[in-house]
Amino acid sequence: MDRLEASLPRVAARRAAAGSLLENRDALGWAMVAPALFLLGAFLAYPFLLGVWLSFTDSRIANPGRFVGLENFRYLVGDGVFRLAVLNTLLYAGVAVVLKFVLGFALALLVDREFRGKRFVRAAMLLPWIVPTSLSALVFYWIYDSQFSVLTWVLRAVGLVDRSVNYLGDPNLARASLIAANVWRGVPFFAIGLLAGLQTVPRELYEAAAMDGAGPWARFRWITWPLLVPVAVVVTVFSTIMTVGDFQLIWIVTKGGPANATHLFGTLAYQRAVQGGFLGEGAAVAVFVLPVLVACVALAYRALRRED
Amino acid sequence: MNRPAARLLTFQLPLAAFLVFLLFPFYWMLVTALKPNRDLYNLTVNPLWTWTPTLDHVRRLLWDTHFLPWMRNTLVISVGATALSLAASLLAAYAIGRLRFRGSGVLGITIFLTYLVPPVILFIPLSRIVSALGLWDRPAALVLTYPTFLVPFCVWLLLGYFRTLPRELEDCARVDGASRFQVMRYVTFPLALPGILSCLIFAFTLSWNEYLYALVFLSSTDQKTVPVGLATELVTGDVFQWGPLMAGALLGSVPVAVAYSFFVEHYVAALTGALKE
Amino acid sequence: MRHRFERVTRRRFLKDTARAASALALSAWGLEAGRKASDAQELTFPVERGASLRVLRWSQFVTTDRPIFEENAARFTQRTGVPVRVEYETWTDVQPKAAAAANVGSGPDIVIGFFDEPHLWADKLVPVTDLAQYLGRKYGGWFDVCPQYGYSPQRNAWIAIPIGAPGVALNYRISWVREAGFDPDPARFPKTTDDFLRLCRALKARGHPTGFALGKAVGDGNTWVHWCLWAFGGRAVAPDNRTITINSPETANALEYARALYETMIPGVAGWLDPHNNRAFLAGEVSLTNNGISIYFAAKNDFPEIARDMNHAFFPVGPVGRPTELHLFSQAYIFNYTRYPNAAKEFLRWIMEDTQYGRWINGMLGYVSHPLKAYTDLAVWRADPKHLPFRDAVARMLPHSYAGRPGPEAARALAEFVIVDMFADACTGRRSVRDAIRAAEDRLRRIYRS
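Fair warning: this is a prediction, and the values are worked out from it, not measured in the lab.

Conventions used here
- Residues numbered from 1 in each chain as written.
- Chains lettered and ligands numbered in written order.
- Predicted model: local features only at pLDDT ≥ 70, side-chain atom pairs only at ≥ 80, totals over all residues.
- Heavy atoms only, no water.
- Helix = DSSP H or I, 4+ residues; strand = E, 2+ residues; numbered from the N terminus.
- Buried < 20%, exposed > 50% of the residue type's maximum accessible area, 1.4 Å probe, protein only.
- Contact = heavy atoms within 4.5 Å.
- Areas by Shrake-Rupley, 256 points an atom, 1.4 Å probe, with all protein chains shown as cover.
- Lys, Arg positive; Asp, Glu negative; His and termini not counted.
- Charge placed at Lys NZ, Arg CZ, Asp CG, Glu CD.
- Buried area = accessible area lost by both parts, 1.4 Å probe.
- Salt bridge = Lys/Arg side-chain N within 4 Å of Asp/Glu carboxyl O.
- Axes fitted to C-alpha atoms, helices over the stretch in contact; angles between N-to-C directions.
- Parallel < 35°, antiparallel > 145°, perpendicular 65-115°, else oblique.
- Left-handed = near helix turned anticlockwise from the far one by under 90°.
- Domains from an automatic or database assignment.
- Polar contact = N/O pair within 3.5 Å; in protein donor to acceptor, adjacent residues only side chain to side chain.
- Pairing = 2+ DSSP bridges.
- Patch = residues over 30% accessible without salt bridge, like charges linked within 9 Å, V, L, I, M, F, W, Y side chains within 5 Å.
- Core = buried A, V, L, I, M, F, W, Y, C linked by side-chain atoms within 4.5 Å.
- Arc of directions from axis to C-beta.

J.: Before we move on, could you go through the overall build of chain B and cite the residues and values that matter?
T.: In terms of helices and strands, chain B carries 14 helices and two strands. Expressed as lengths along the three principal axes of its C-alpha atoms, the size of chain B is roughly 75 × 70 × 30 Å. Put simply, chain B has 277 residues, and 61% of those count as buried. Put simply, of all contacts in chain B between residues at least 6 apart along the chain, 73% involve residues at least 24 apart. Accessible area for chain B stands at about 10500 Å²; split by element, carbon and sulfur atoms hold 68% of it. For chain B, the distance from the average site of its 19 positive side-chain charges to the average site of its 14 negative ones is 7 Å.

J.: Tell me what's going on with the interface of chain A and chain C, and back it up with residues and numbers.
T.: For interface size, the figure often reported is the accessible area lost on association. Taken residue by residue, the interface counts 37 residues in chain A and 39 residues in chain C. With both chains or domains summed, chain A and chain C bury close to 3200 Å², and 52% of this area falls on carbon and sulfur atoms. The three residues of chain A that bury the most area against chain C are Ala62(A), Tyr75(A) and Gln147(A), which together make up 18% of that side's buried surface. There are seven salt bridges connecting chain A and chain C. Arg279(C) is the partner of Asp145(A) in a salt bridge, and the nearest nitrogen-oxygen pair spans 2.0 Å. Listing elements by their share of the side of chain A that touches chain C, those giving two or more residues are α4 (71-77), α8 (133-143), α13 (248-253), α14 (265-275) and α15 (279-307) of chain A.

J.: Help me get a handle on the packing of helix α11 (residues 203-211) of chain A against helix α12 (residues 216-244) of chain A, residues and values and all.
T.: All names here are of chain A. With their axes 10 Å apart at the nearest point, α11 and α12 run at an angle of 160 degrees to one another. The angle between α11 and α12 places the two elements in the roughly antiparallel class. When the axes of α11 and α12 are compared, the crossing they make is right-handed. Along its contact with α11, which presents Leu-205, Tyr-206, Ala-209 and Ala-210, the element α12 presents Arg-219, Ile-223, Thr-224 and Leu-227.

J.: Can you tell me about the packing of helix α4 (residues 67-99) of chain B against helix α8 (residues 147-164) of chain B, naming the residues and giving the values?
T.: Two packed helices can be described by the angle between their axes and the distance between those axes. Residue and element names in this part refer to chain B. In the contact formed by α4 and α8, the axes pass within 8 Å of each other and the chain directions differ by 40 degrees. Overall, the two elements α4 and α8 adopt an arrangement that is oblique. Both α4 and α8 take part in a crossing whose hand is right-handed. For the pair formed by α4 and α8, the contact residues are Ala-81, Leu-84, Ser-85, Ser-89, Leu-90, Ala-92, Ala-93, Tyr-94, Ile-96, Gly-97 and Arg-98 on the first element and Pro-147, Leu-150, Val-151, Cys-154, Val-155, Leu-158, Leu-159, Phe-162 and Arg-163 on the second.

J.: So what about helix α21 (residues 418-428) of chain C? Which residues, and what values?
T.: One full turn of an α-helix is made of 3.6 residues, so residues set three or four places apart face in the same direction. Residues and elements named next belong to chain C. Most of α21 is tucked away, with ten of its eleven residues classed as buried. Among all positions of α21, only Val-418, Ile-419, Val-420, Asp-421, Met-422, Phe-423, Ala-424, Asp-425, Ala-426 and Cys-427 are buried. Looking at the packing, one finds that the buried side of α21 touches α10 (220-231), α11 (249-262), α20 (408-415) and α22 (433-448). Backbone geometry just after α21 places Gly-429 at a positive phi near 85 degrees.

J.: Which residues make up the pattern of salt bridges, and what are the values?
T.: A side chain with one charge can pair with a side chain of the opposite charge if their charged atoms come near. This model, assessed by the stated rule, comprises 45 salt bridges over all chains. The shortest N-O distance in the salt bridge between Arg66(C) and Glu70(C) comes to 3.4 Å. With a gap of four residues between them, Arg66(C) and Glu70(C) both fall in helix α3 (residues 65-80), about one helical turn apart. Residues joined by salt bridges that share partners form a network here, namely Glu71(A), Arg74(A), Asp79(A), Arg272(A), Glu281(A), Lys216(C), Arg412(C), Glu416(C), Asp421(C), Arg443(C), Arg446(C) and Arg449(C).

J.: Before we move on, could you go through the domain arrangement of chain B and cite the residues and values that matter?
T.: Residues and elements named next belong to chain B. Here chain B is described as being made up of domain 1 (1-54) and domain 2 (56-276). Computed over C-alpha atoms only, the centres of domain 1 and domain 2 are separated by 31 Å. Residue-level contacts link eleven residues of domain 1 with eight residues of domain 2. Approximately 820 Å² of surface area, both sides summed, lies buried where domain 1 meets domain 2, with 70% of it carried by carbon and sulfur atoms. Per-residue buried area on domain 1 facing domain 2 is highest for Met-29, Ala-33 and Thr-54; these three make up 52% of the total on that side.

J.: Let's hear about the domain arrangement of chain C: which residues, and what values?
T.: Residues and elements named next belong to chain C. Domain assignment breaks chain C into domain 1 (49-163 + 334-384) and domain 2 (169-326 + 416-448). The C-alpha-based centres of domain 1 and domain 2 are spaced at 30 Å. Taken together, the contacts link seven residues of domain 1 with nine residues of domain 2. Counting each side, the surface lost to burial between domain 1 and domain 2 is near 620 Å², with a carbon and sulfur contribution of 72%. Among the residues of domain 1 in contact with domain 2, Trp-91, Tyr-367 and Asp-384 are the three that bury the most area, contributing 56% of the side total. Where domain 1 touches domain 2, the interface holds one salt bridge. Here Lys-300 makes a salt bridge to Asp-384, at a shortest N to O gap of 3.9 Å. Run the count over domain 1 and domain 2 and you get one residue pair in polar contact (both at pLDDT 80 or more).

J.: Explain the interface of chain A and chain B to me, using residue names and the numbers behind them.
T.: Listed by partner, the interface residues are 98 residues for chain A and 101 residues for chain B. The junction of chain A with chain B conceals about 9600 Å² of combined surface from both sides, 81% of it contributed by carbon and sulfur atoms. It is Met32(A), Phe43(A) and Trp142(A) that lose the most area in chain A upon contact with chain B, and together they represent 9% of the buried surface on that side. Across the contact surface, chain A and chain B share one salt bridge. Where chain A packs against chain B, one counts five residue pairs in polar contact (both at pLDDT 80 or more). When residues of the side of chain A that touches chain B are assigned to their parent elements, the largest contribution, 20 residues, is made by helix α3 (residues 25-55) of chain A.

J.: Describe the sheet that holds strand β10 (residues 310-313) of chain C, naming the residues involved and giving the relevant values.
T.: Residues and elements named next belong to chain C. Taken together, the four strands give an open sheet; going across it, the order is β8-β9-β7-β10, and neighbouring strands pair in mixed fashion. Edge positions in the open sheet fall to β8 (210-211) and β10, since each of these has one partner strand only. Sheet topology places strand β7 (residues 169-173) next to strand β9 (residues 288-291); four bridges connect them, and they run antiparallel. Looking at the pairing, Asn-171 lines up with Thr-289 of β9. Contacting β7, β8 and β9, helix α9 (residues 193-205) crosses the sheet at an angle of about 125 degrees to β9.

J.: Break down a nonpolar patch on the surface for me, with residues and values.
T.: On the surface, a nonpolar cluster with roughly 510 Å² of combined accessible area is contributed by Tyr27(B), Leu30(B), Trp49(B) and Trp51(B). Checked against the element boundaries, Leu30(B) lands in helix α1 (residues 3-34).

J.: Quick rundown of the side chain of Lys386(C)? Include the residues and the values.
T.: Residues and elements named next belong to chain C. Within the fold, Lys-386 resides in the loop between α17 (380-383) and α18 (388-391). No salt bridge is formed by the buried Lys-386. Its closest oppositely charged neighbour is Asp-384, at 6.1 Å. For Lys-386, the side chain forms a polar contact with the main-chain oxygen of Ala-307, separated by 3.0 Å. Apart from residues lying up to four places away in sequence, Lys-386 is in contact with Ile-174, Tyr-296, Ala-307, Arg-308, Met-310, Asn-311 and His-312.

J.: Please give an account of the nonpolar core that cites residues and values.
T.: Grouped together as the largest cluster of nonpolar side chains are 361 residues, with contacts concentrated most on Trp121(C), Trp224(C), Phe347(C) and Phe423(C). Sequence-distant contacts of Trp121(C), that is, excluding residues within four places in its chain, are made with Ile61(A), Ala62(A), Gln95(C), Ala98(C), Ala99(C), Ala102(C), Tyr333(C) and Phe335(C).

J.: Give me helix α5 (residues 104-114) of chain B: which residues, what numbers.
T.: Of all the residues in α5(B), the buried ones are Ser104(B), Leu107(B), Gly108(B), Ile111(B), Phe112(B) and Thr114(B). Buried residues along α5(B) cover an arc of 160 degrees about the axis, so they all sit on one side.

J.: Pulling in residues and values, what's your account of the environment of Phe148(A)?
T.: When you line up the elements, Phe148(A) lands in the loop between α8 and α9 (150-157). Apart from the residues lying within four places of it in its own chain, the contact partners of Phe148(A) are Leu40(B), Tyr41(B), Leu43(B), Arg279(C), Ala280(C) and Ala283(C).

What follows is the structure, encoded as C-alpha cells:
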C-alpha cells in the first residue's frame, strides 16, 4: 500500500499510461484511505486495544497485573458511585445535546440571511467554541462562585433572588449549571455545522417552491430539512460523543462533586485510573461507554443510509 | 404587525439574546483582566465595571510568564495537526464516499467508531508509544496524536458533504474525458469547500484547545501550549491569579477569532460562487 | 526487583573511589558522634560521569520559590558539573505526569510530588534509605509522620525523601473573635473541640459565619474533615490496612460535631473547592476558615487591613487528647529508570542540606513546613509571629491513610473523597449520620477489598 501511495503523484502525471490503475476502484480506494488508517491505527487503535485489555486485568500503574475476566465490570455494576455516574452521564448528555441542537439550529436559521453586522455576528458566535475549554471552564467556575457570582449579582439587581445562589453546592443545581456551561460551549458547534448545511441548499429550490406557493414552513419542511439531515445527524452524533466523553469542564468546575452528583464516565475513569492508580478499573469505566456510543452511532448510521 | 416590529421580534431580539448569552463570559474575562485585585473580592462595587482599570495583569502575563512562546507552540502544533488531518481526511472521505470500493462501507463505520474512544483511557498506553518513538516533549507528539480525534470527525463531515453534492456534475466531467483526479480537483473539492472549511475550523479549534495530551506529552515550560501553560504558571496552589489568567484566555482566543471571521466570510463567498454556477 | 537494585547500588559503591567508601564509613561513625561532628560526617554520592538530571516538581505557590530553587540547582551544577533541568506542573497535575512516566519507564529522574505517589509505583523507585537516615541523623531526626510516608514496608526501604508539608491552620479575624468574647491571641485560641464550637457559634450569632470546604477541595476539604474524624477517635481503616473501622461511635461523634459546626457556616460550602474560602475570607464573608498561608499572603499584598486583622491558630485537640491534623505532604522520589541514581541522590541531598534548604523554605515564606526537626528555628518561623502555627505542621500531622499505610488504597480513598463526602452527606442532611457512615463504610470496603 505504501508503494501505491508513493506512486500516486507520478500516476497523476502520466494518467494516460497508468489510467487502468487509477480506474481500479479497489486499489485507488485503499490507497487514498491509507494515510488516515495509518494515523488511526498507530495512535488510536493500538493504544485502544491496550486499554480494552487493561479493563480485563487488575493492572495498576507501573504494574501490568493479571487477567481477571469480567471482574472489573462486575465490581462496577455493584458500585453506587459508578451507577450514579451512568445516570449523570445520560442526563448530562441527553439534556445538553438537545438544548445545543435546538439553540444551535435557531441560531443558524437566524444568521442564515443578509443583515448589517453579519460578519461580526458570525465571527462572534464562534467565540465560545474557540476559547480553550480549560480556560472557559475557569470563567464558569468563577461565574458560579458561591459568594462572588456575577450571575447572582445580576439576578439580585433585577430582583429575582434575594440571597446567594448555591450553584455548585446543590446536586441538581450543580448539574444544571454544568449543563448550561456545556451548552454555552457547544451551541456554536451546532450553529456553524448547521449553517454550513443550510448554505449548501440551492437557493433556486426556494425560489421555485415560493413560486409554487409554498409557505415558509412548507419550504423548511420539504426543502431545507431533508437536505440538512445528513449534516444534522453527523453534528449531533459527534456532539453526543464529545458530551458523553466530557472531562475538562467537570474536572475544573466541580471535580465530580458535590458528593459525586456530577461525575461522568471521563472524570470517574480519570479519578480511578490516574489518581487512585487502578488502571484496570479505570479502563473498565471507560470501556463501559462503548456500547452506549456504538448504539448511538448505529442509529445515526442507519439514518444516514436511509437518506442515501 | 408592521415589518420592522416583526423583524424586531423574530430576528433582532432573539439574536441579541443569543449574543448576550454567548458573549457575556468574554465580557467578564475582559473586565476581570482589567480589574485591580482589590476589586475582585469586593462585594460592594458593581462587578460589571471597573473605574480603575489596570494593565498590570496583561503586563504580568506577557513579561513574567512564557505566554508568547506558548502562543507560538500552540499555533505551530495546531496548524500541523490540522493540515495533516485534513489531507488524510479529504483523501479518505473521497475514496469512501465516491469510489465505493470493496470494503468502503465497513471502513467508513470503522473510522467513525474510532472517534468513540475517550482520550482519558488512551493517554497512558499512548504515552508508551510516544516515548518509544522518541517524541517525548516534542511538538511532533501532538501533531501525530491529535489526528486521532480530528480525522474521524473530518471524514464524516466530508462524507456528509459529498453526499449532498450532485453526482451529475462529476459524471458529466467524467463523460467529457476528465480523469478521476481532475474531477476531484476541479469539481468535487471546490464544491465541498464549505465542508472543508468547516473541518478546518473544527480541527484547528480542537487542536488549539486540547489539554490532556499536551499536559502529559510536553514537559519543558517553553514547550507547552497555551491551555496547559497558563494553568501551570498562574494557578499558585489554591490561588487563581484571575487577572492574568483571564487576560491569557482573551489574548489566546482573539487572534484565532480574527482568523475565523475571515474564514467564515470566505466560505460563504466560496459557497455562493461554487454552487450557483 | 529489590534485590537486583540493592546489588547494583552496592556494587557501585564498592567499585567507586575511596571517597565514597570513606563517606559511608564517616556517616556510620556520625551515627554515634551525633551532630557535633557535622563537618566530618558529610555523606556524598559519587556522581556518575556525564550525568544530567530532569526534575519534575509542583509549580510554585509563591513567586519567591522558583528563583531560589533554581539557584540551588545552578549551584549544584557548578559544584558537580551535573546539569539540572527543572520542569513545573500545577500541584494537582504532577501525579498524572508521574503516572505516565512510571508506566512508560522514562521521563523525569526526580519527581517532587504528593501523598501516596511513591507508594503507587514503589517498585519503580530507587531506594534512598542511606540518604534518609543520613539526613535524619544530621538534622535532629524526622518528625514521626515522615517515615510513614517515606518508608515502604513492601520494599523494606525508604523510597522517598520528605520535602515538607504545605501546612494548613485556622485563619481567623482578630476583631471578630474578640467581639465574640474570645481572646484572639493564638496562644489562647480555643484548644479543645468544645471551646472551638462555642467560638464558632458566637461568631455566627454576631453575623460572622465560618466556612469550611465540603466540596472536592483536595487541600482544604480533606484537611479539616480528617482532623475532625481523628479528633474524636474515628479512623477509616485499622493498622492492618484491611479491616474497615469507620463504622464506630467515634465516627458518629465526629459527624455530630461537624453538623453542629456546619450550623455556623456560610451557605455554599458543599460546593467549595480549594480557592473558595480564600475569596470568602478576603471579602469578609467568613470570619474563620482553614487554609494554608496563602490567604495571609494575598491579604498582605492587596488587603492590608485584613492582614492586620487576621491571625492563625492550630486546630483544636479533640477527645483523643492529641493533635490530629492532616496537611498536604510533599516528597521527592527517584525513578529507577534513571541512568544517574547517584547524581539524583546527591541532588536531593544537596537541596535538603541546611544552606540550601534553609534558604528555600525561608523563601517560601511559610507556605511549606519542614520535615526535619533541626529546621524548626529557621528564620521564616521567627520573621512574623503570624507564621508560627504553620511551623509545626509536620510535627502535628498524621498520614492521610491513618491508621493504615499510604498506598493504592489510601490514594484511592483520598482521590474519591470518601471521608469528605461522608461529612458533606451528614452535614447537609442528604443522609443521616448513620447512613453517611454506612455509605462510607461500603465504599471503603470496596476500595480496600484487594
